[in-house]
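Listed below are the residues making up each chain.
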Amino acid sequence: MTVRLHWFLPTGGDGRTLVDRHAYGPNGASTPPRGVRTPDIEYLAQIAKAAEGLGFEAVLTPTGTWCEDAWLTTVALAQHTERLKFLVAFRPGLISPTLAAQMAATYQRVTRGRLLLNVVTGGDSDEQRRFGDRLDHDRRYARTDEFLSVVRGAWQGTPYDFAGEHYRIDGALTALPPDPLPPLFFGGSSPAAGPVAARHADVYLTWGEPPAQVKEKIDWIRGLAEREGREVRFGVRLHTISRDSSAEAWATAHRLLEDLDADTVAAAQAALGRSESVGQQRMLALHGGSREDLEIHPNLWAGVGLVRGGAGTALVGSHAEVADLIEEYHALGVEHFVLSGYPHLEEAYWFGEGVIPELAARGVLDRGVPDRGVPDRPDAGAGARVPLAVAGGR
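Residues numbered from 1 in each chain as written. Predicted model: local features only at pLDDT ≥ 70, side-chain atom pairs only at ≥ 80, totals over all residues. Heavy atoms only, no water.

Draft legend 1. View of the overall build of the chain. Each helix and strand counted, the chain has 13 helices and 13 strands in total. When each of the 394 residues of the chain is scored for burial, the buried share is 59%. For the chain, long-range pairs separated by at least 24 residues make up 75% of all intrachain contacts whose partners lie at least 6 apart in sequence. Summing over all exposed atoms, the chain offers an accessible surface of approximately 15700 Å²; the carbon and sulfur share of this is 50%. (Helix = DSSP H or I, 4+ residues; strand = E, 2+ residues; numbered from the N terminus. Buried < 20%, exposed > 50% of the residue type's maximum accessible area, 1.4 Å probe, protein only. Contact = heavy atoms within 4.5 Å. Areas by Shrake-Rupley, 256 points an atom, 1.4 Å probe, with all protein chains shown as cover.)

Draft legend 2. Representation of the pattern of salt bridges. In total, this model carries 24 salt bridges according to the counting rule given. A salt bridge links R129 to D126; the shortest N-O distance between them is 2.5 Å. In this pair, R129 and D126 both sit in helix 4 (residues 125-130), three residues apart, roughly one turn of the helix. Using a relative accessible area of 38% as the deciding quantity, one classes R129 as partly exposed. Judged by relative accessible area, which is 39%, D126 ranks as partly exposed. (Salt bridge = Lys/Arg side-chain N within 4 Å of Asp/Glu carboxyl O.)

Draft legend 3. How the structure looks around the environment of P177. Here P177 shows up in the loop between strand 6 (168-172) and strand 7 (185-186). As a C-alpha pair, P177 and W155 span 22 residues in sequence and 4.9 Å in three-dimensional space. In this structure, P177 is in contact with A105, R109, W155 and G157, ignoring residues within four places of it in sequence.

Draft legend 4. Expanded view of unusual backbone geometry. With omega at 5°, the peptide bond leading from D179 into P180 counts as cis. You can see P180 is positioned in the loop between strand 6 and strand 7. In this structure, P343 follows Y342 across a cis peptide bond, with omega equal to -10°. With respect to the helices, strands and loops of the structure, P343 is situated in the loop between strand 13 (334-340) and helix 12 (344-362).

Draft legend 5. Representation of the packing of helix 11 (residues 319-332) against helix 12 in the model. With their axes 9 Å apart at the nearest point, helix 11 and helix 12 run at an angle of 60° to one another. Relative to helix 12, helix 11 is oriented oblique. Considering how the two elements wind past one another, helix 11 and helix 12 form a crossing that is right-handed. Contacts between helix 11 and helix 12 involve H319, A320, V322, A323, D324, I326 and E327 from the first element and W350, F351, G354, V355, E358, L359 and R362 from the second. Residues that form the contact of helix 11 with helix 12 fall into these classes: eight nonpolar, two polar and four charged. (Axes fitted to C-alpha atoms, helices over the stretch in contact; angles between N-to-C directions. Parallel < 35°, antiparallel > 145°, perpendicular 65-115°, else oblique. Left-handed = near helix turned anticlockwise from the far one by under 90°. Nonpolar A, V, L, I, M, F, W, Y, C, P; charged D, E, K, R; others polar.)

Right under this line is the structure:
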């Protein structure tokens, strides 16, 4: 098992601070705040091209009312890239599972096998209601279970019938099944999420908790999967601040923290505290809303989670130190690393030019992922096995 690296597309806007920025500024304003980079196609294409050239396998694209639509944005970016894959997030229950299966199959053919699907069950009822979804937390996971069964059935090439609590489907079918058939990633920390992961996930994705807690999750999901007669691989979602020296990296982290005033942190913590997501509550517990003792494990920093929902921890240190922590997670069984940083363009280069060569020298990188712009083998695009990801948050 080798390390597989992925980056992030900030389709809600980008910038040099940790404060969540949305595509159109505060309160729906059409002009973004000062210092925010709007997620226009030109800027996102810069990030996508940088990620491809540096050797990242794919880019995660989030879903929600606060960002651009992932399907439309990434299919446009596919025209600006050659082999980069796109982890497209969407929410089950908002569209038919048969339609989702059809969209994925079409996308896979249009991009010649570069789609990864990120099915986000959703842990925030307020956000779900914006889409007209009024199910509670556990019933959303039950619906996701049925949804994924129908998607898989529709890809079989013959009419598929399904009768459940949330879906009654007669003859689900796609005109042409996707090739390659996308495997599934899944994220969720609640008791309702675990069995769904065990039944459907090829890769279970968790936010960046300390290694000991990640090991507990791995053991939990692995045990549930074994009862289903299945094997599951694992991934982790993290931010990164990697520099030529440890001092430079921590100076950057401290600057990001100094940009946050007490009112901003308090407002963010109050909003995040209302989330139904067990994973989000675990992120909040890592720092308790305090600016003190944010290094919760050597070179693992919880400062991002003071104001940002979803992934709230960052790898911070020299390139070698960041590589050390990646290897520590890897030793636990983590294969996929989905990374991001502020701003996403610059941090992609810091990581790609610093940590990727370090990991390559240690022999832990997937040989199917090119090192720093080295062209992949000509037949790697359409023939590679492309994951479908199911994860919560960003």
